[in-house]
Amino acid sequence: MKTFHTSDSLVTIENLIEQFQPEFSSVSSEEIRTFLESLQSVVANNNTLTLKTINDLLPLHFFVSDYQRGYKWQTQQVEELLNDIYEFEPVGKGFYCLQPIVVKHHCAKNVGDKGQWELIDGQQRMTTIFMILSYLECSHYSIDYQTRASSSEFLLKCLPSTLISNNWDDFLKSKKLNNAKLDNVDNYHFYSSYKTIHSWFTDEKRFSDSDARKKWLEKLLYNTKVIWYAARGNEQSVDRRQSIDIFMRINSGKIPLTNAELIKALLLSGIADPQQKELSDLKQSEMSQQWDAIEQGLQNNEFWAFLSPPEYANNQTTRIELLFDLISEKPTKLNVQSVDEYFAFNYYYQKLKLSENKKHHKVEALWHEVKQSYYRLREWFENDELYHLVGFLISRNISNIQKLWVLAEHKQKSEFIISLKQLISSQLRKYFKSDNNVGLDFNQVQYETKNRRKIISILILLNIHVHRANKTRLSFKTYREISWDIEHIHAQQSKKLNEKLEADIWHSEQSALLNGNHIPKVISDTLKKLLALWYEANKEEHPNIEKLQKDYIEELVKVIGDIENDEIHALDNLCLLSGAVNRGIGNEVFPAKRKMIISYEKEHHFIPIATKNVFSKVYSDNVSQMYKWSKEDREGYRKEIIDCCNFYISKGELV
């Protein structure tokens, strides 16, 4: 004899009541009829949120009310459903989970000789499955479309005959009666979808024999489940306004049935203790308030950007879902090709299914785990050290929140911090690993396209290093919103000032540079004279133009400095700027860049703190001049980057 869990038994009893409803109505005893109605009510209200196989739905009677839009699925949606079930391979108790359907029960005494389920949300899927079952000549539930009587008639009587016709018009001509009634938009979409179903099942590559069809049907009936969300009113009478309100709220997006919303309903219904109603109401209210507080905390965009899981980036309504995914160890899309959208819901559903007798106690334990998980993430966010370590690893895609969650298990905070540093150390070692595999070499990281991501990571780590020293925090929200570029501190094209530029523009730019307060007056006066000689010669098209320009550039380079070709792309000549600022600065010389960066920051462009330090010469031992990026300046900057990296590379191997 098969053993049922309580929820399985309730589904079985509910289906039996539905199946034999007509016989119940003929019972002469008023007491027995009252008992049967009460039993049906108890069962239905205990199945507010559950999982049902398609086979569980076969005895039921559904209807689509006239306030809803009609059937609209097209070929793509129908084929996606068919393919998803076809590609799913059940392992053990695994199943393919369909989107939730929202229903409301209408008892027999209100709607006729049979109890009916109103399809508030999910009619597209349920109608398509009805047509699939019909096509495969399998027993099926019934669906009544209240919008148009002919729609129900079409589904019940006309589907097989659609396959004879080549198109919709031919089909209508073949029906000599009731053409006007049959010719409506619902029936047209039924016709098109049924044709799609026929075409899909007659593909010989997919179904070489009848056994293949049988296997697919078994997967649909027994390994495909719907999340059954039954809306309940305080009364059993038909309440049309309630149904319309639920429908409008769902379809307007105000209460989308997300994974988190389903879990919330599951926990709130599970915490109810029939023996202590007042206490149950209090606990439900308390859980709802705590749920809202957690959701509100996760709505802090600085907090969310710090966690920054890419697959949740656009989630603005139910961020608490992240906690359920972490606790249930939901696979990420990086680990598996396809992830069950309702993985976390099923995790909690199965947990509660095994604790039917003391479900409210189990719910309290599960909810306590959710709260503790939230507090763990809050600690990571509020502790500056953990904040910078976790935020860097996630924002640079070195690790993800799921891996760090597992890494933190059974560790003290100090142990977790060490583990995080080790992850960063491992990454840095890969960056600076020398060609001969002996030690770490600073010069291994040079400006190249293939190294762009590495360099940005190192420079962000440097900015974190500065914030740590200042006891401030880097905003991962700000860093995630900006498209970053790598800027050469000493412009990589500084030697190419003699390119053919518009004379007046070039003269104007050079004059602005010399008229600033970056270069000592004695030197700038000499340069102004050389520039003036070139400008006058250029106007007269003098043959010495190129020599005069060269003389000016050579004197300018002596002032602003120069870097050898093999050093121009070194890490100690690179800093971080947003793409917008970097494009605006272009290939200007150091003093011009410094002036422009100051101007951009005044205009509220974000300049990273380490970049500001570079152009303020914070890392230089001697700040006797501010008009060139000298060898000594680069050495000071290089030392700062090495100190930053060696903070994580525990043995201080980077030189």
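In what follows, the structure referred to is the one given above.
A quick note: this is a predicted structure, and the numbers were derived from the prediction, not measured.

1. Some remarks on the packing of helix 8 (residues 149-158) against helix 11 (residues 185-201)
In contact at an axis separation of 9 Å, helix 8 and helix 11 are set at 20° when each is read in the N-to-C sense. One element, helix 8, and the other, helix 11, form an angle in the roughly parallel class. In terms of crossing hand, the pair formed by helix 8 and helix 11 is right-handed. Counted together, Ser 150, Ser 151, Phe 154 and Leu 155 of helix 8 and Asp 186, Asn 187, Phe 190 and Tyr 191 of helix 11 form the full contact between these two elements.

2. As for the pairing of strand 6 (residues 224-231)
For a regular strand, side-chain orientation follows a simple rule: the groups alternate between the two sheet faces. In terms of residue burial, strand 6 counts as a mostly covered element, since 7 of its 8 residues are buried. Sheet analysis places strand 1 (residues 49-53) next to strand 6, joined by 5 bridges and oriented antiparallel. Paired with Leu 49 across the two strands is Tyr 229, which belongs to strand 6. Judged from the 7 bridges that link them, strand 3 (residues 96-106) and strand 6 form a sheet pairing that is parallel. Looking at strand 6, one finds that Lys 104 is bridged to Ala 231.

3. Re a negative patch on the surface
Together, Glu 79, Glu 80, Asp 84 and Glu 87 make up a region of like negative charge exposed at the surface. With respect to the secondary-structure elements, Glu 80 resides in helix 5 (residues 75-87).

4. Quick look at the packing of aromatic side chains
Evaluation of the coordinates by the stated rule reveals 47 aromatic pairs. With a centroid separation of 5.8 Å and an interplanar angle of 40°, the aromatic rings of Phe 171 and Tyr 191 are classed as tilted. Highlighted residues: Phe 171 in helix 9 (residues 168-174) and Tyr 191 in helix 11, separated in sequence by 20 residues. Tyr 191 matches Phe 171 in its accessibility class, with the two residues each being buried. With 5.2 Å between their ring centres and 15° between their planes, Phe 590 and Phe 615 make a pair best called stacked. One end of the pair, Phe 590, is in helix 29 (residues 590-602); the other, Phe 615, is in helix 30 (residues 609-615), with 25 residues separating them in the sequence. Take Phe 590 and Phe 615: they sit in the same class, and that class is buried. Directly above the aromatic system of Trp 117 lies the positively charged group of Lys 52, at a separation of 5.8 Å from the ring centroid. Over the ring of Phe 95 we find Lys 225; its NZ or CZ atom is 4.6 Å from the centre of that ring.

5. Some words on the nonpolar core
Phe 345, Trp 380, Leu 428, Phe 432 and Tyr 637 are the most contacted members of the largest nonpolar core, which has 102 residues in total. With 9 residues, helix 23 (residues 452-470) is the largest single contributor of residues to this core. Leave out the neighbours within four places in its chain, and Tyr 637 touches Leu 459, Leu 462, Ile 489, Leu 571, Asp 572, Leu 574, Cys 575, Val 614, Tyr 619 and Trp 629. If you look at the next biggest cluster of nonpolar residues, it comprises 53 residues, including Leu 57, Leu 82, Trp 200 and Phe 207.

6. A few points about helix 29
Taking 1.5 Å as the rise per residue, helix 29 with 13 residues should run 18 Å; its terminal C-alpha atoms sit 19 Å apart, in good agreement. Among all positions in helix 29, only Phe 590, Pro 591, Ala 592, Lys 593, Ile 597 and Tyr 600 are buried. In the stretch just after helix 29, His 604 is the one whose phi turns positive, near 75°.

7. Describing the pattern of salt bridges
One pass over the structure, following the stated rule, counts 18 salt bridges. Among the salt bridges present, the one from Arg 468 reaches Glu 385, with a minimum N-O distance of 3.5 Å. Pair noted here: Arg 468 is in helix 23 and Glu 385 is in helix 20 (residues 384-395), with a separation of 83 residues, a long-range link. Arg 468 gets classed as partly exposed once you look at its relative accessible area, which sits at 27%. On the basis of relative accessible area, Glu 385 is assigned to the partly exposed category, the value being 22%. In this structure, the salt-bridge partner of Lys 593 is Glu 487, at a minimum N-O distance of 2.7 Å. Taken together, the residues Lys 593 in helix 29 and Glu 487 in strand 7 (residues 484-488) connect sequence positions 106 residues apart.

8. Describing helix 12 (residues 210-222)
If you check helix 12, its first and last C-alpha atoms are 18 Å apart, about what 13 residues at 1.5 Å a residue would give, namely 18 Å. Looking only at helix 12, the buried set comprises Trp 216, Leu 217, Lys 219, Leu 220 and Leu 221. Packed against the buried residues of helix 12 are strand 1, helix 4 (54-57), helix 5, helix 7 (123-135), helix 11 and strand 6.

Conventions adopted
- Residue positions are given per chain, counted from 1 along the sequence in the order it is written.
- Where local features are concerned, this predicted model is filtered to residues with pLDDT of at least 70; where side-chain atom pairs are given and counted, the filter is 80 or more; whole-chain, interface and lining totals use all residues.
- Excluding hydrogens and water, the side-chain values take into account all heavy atoms of the structure.
- Between N-to-C directions, angles span 0 to 180 degrees; the directions come from axes that are lines fitted to C-alpha atoms, helices contributing only their stretch in contact.
- For helices the rule is a DSSP run of H or I covering at least 4 residues; for strands it is a run of E covering at least 2, with both sets numbered from the N terminus onward.
- For classification purposes, angles smaller than 35 degrees are called roughly parallel, those larger than 145 roughly antiparallel, those between 65 and 115 roughly perpendicular, and all remaining angles oblique.
- Should the near helix be turned anticlockwise from the far one by less than a right angle, the crossing is left-handed, and should it be turned clockwise, the crossing is right-handed.
- Should any heavy atoms of two residues lie within 4.5 Å, those residues are considered in contact.
- Buried means the residue's accessible area, taken with a 1.4 Å probe over protein chains only, is under 20% of the maximum for its type, while exposed means over 50%, and partly exposed covers the values in between.
- In this scheme, strands are said to pair when DSSP sees at least two bridges between them.
- For patch building, the residue pool is restricted to those with more than 30% relative accessible area and no salt bridge; the joining distance is 9 Å between like charges and 5 Å between nonpolar side chains (Val, Leu, Ile, Met, Phe, Trp, Tyr).
- Computed with a 1.4 Å probe, the accessible areas rest on the Shrake-Rupley method; for each residue, only the protein chains presented here act as cover.
- Here, a salt bridge means any side-chain nitrogen of Lys or Arg that lies within 4 Å of a carboxyl oxygen of Asp or Glu.
- By the counting scheme adopted, Arg and Lys are positive, Glu and Asp are negative, and His together with the chain ends is not counted.
- To locate a charge, take NZ of a lysine, CZ of an arginine, CG of an aspartate or CD of a glutamate.
- Working definition: a ring pair exists when centres of Phe, Tyr or Trp rings (six-membered ring for Trp) sit within 6.5 Å. Plane angles under 30 degrees give stacked, over 60 give edge-to-face, the rest tilted.
- Whether a charge lies above a ring is judged from NZ of Lys or CZ of Arg, which has to be within 6 Å of the ring centre and within 35 degrees of the ring normal.
- The set of buried Ala, Val, Leu, Ile, Met, Phe, Trp, Tyr and Cys residues whose side-chain atoms join them within 4.5 Å is what this entry labels a nonpolar core.
- One fewer than the residue count of a helix, multiplied by 1.5 Å, yields its expected span.

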